[in-house]
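Next come the chains, spelled out residue by residue.
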Amino acid sequence: MKSAMSTPAKLDQKLYTATVVSTGGREGRAKSDDGTLDLGLSTPGGNKPGTNPEQLFAAGYSACFGGAIGAVSRMQKVNPGNFTVTAKVTLGKVGEGYGIAADLEISMPDLPRDQAQALVDAAHQVCPYSKATRGNIEVNVKLAG
């Protein structure tokens, strides 16, 4: 019998679907169906111009986490002030294959540390990227300073 922990959460309501087609793998191109994203791809450390999947994941995770901070702040009626989310996504070996790990560093200089930490902790619980990665990859979240 399956436990509740092994069953993925189903969406109650679909709000948005992003569609991107990649061709050529890490040396190819990624383009969204609406044309707003159109990027050349390259391998990390390669000499071909373009971004790589790890950079794209880091951009998505940092933006999503920032959005979660905003949502939690509004729910708690707290003004987070100016803040930044820095995501570092690392590609590495896992056994015979590959894996990734993520480090998030959040700077909230306009809030007292305990209040900023509470917002970061709450955001980590509601962020869709945090939910998707929880238990799947190593994720370290820390408040700067």
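In case you missed it, the structure is sitting above this.
Note that the structure is a prediction, hence the values are computed from the model and not measured.

Draft legend 1. How the structure looks around the sheet that holds strand E2 (residues 29-32). One open sheet accounts for 3 strands, arranged E1-E2-E3; its pairing is antiparallel. Among the strands making up the open sheet, the edge pair consists of strand E1 (20-23) and strand E3 (38-40). Along the sheet, successive strands turn relative to each other by an average axial angle of 10 degrees, direction set aside. Note: E2 against E3, 3 bridges, orientation antiparallel. The residue bridging Arg29 from the neighbouring strand is Gly40, located in E3.

Draft legend 2. Spatial organisation of the pairing of strand E5 (residues 97-107). When strand E4 (residues 84-94) meets E5, the two strands line up antiparallel, connected through 11 bridges. Bridged to Val85 within E5 is Ile106. In this structure, the hairpin formed by E4 and E5 is closed by a connection of 2 residues, where Gly95 is found at a positive phi of approximately 60 degrees. With 6 bridges connecting them, E5 and strand E6 (residues 138-143) associate as parallel partners. Looking at E6, one finds that Leu104 is bridged to Val141.

Draft legend 3. Layout of the state of the cysteines. Scanning the model with the defined rule gives 0 disulfides in all. Left without a disulfide partner, Cys127 is nearest to the cysteine sulfur of Cys64, which lies 3.6 Å away.

What counts as what
Residues numbered from 1 in each chain as written. Predicted model: local features only at pLDDT ≥ 70, side-chain atom pairs only at ≥ 80, totals over all residues. Heavy atoms only, no water. Pairing = 2+ DSSP bridges. Helix = DSSP H or I, 4+ residues; strand = E, 2+ residues; numbered from the N terminus. Axes fitted to C-alpha atoms, helices over the stretch in contact; angles between N-to-C directions. Disulfide = S-S within 2.5 Å.

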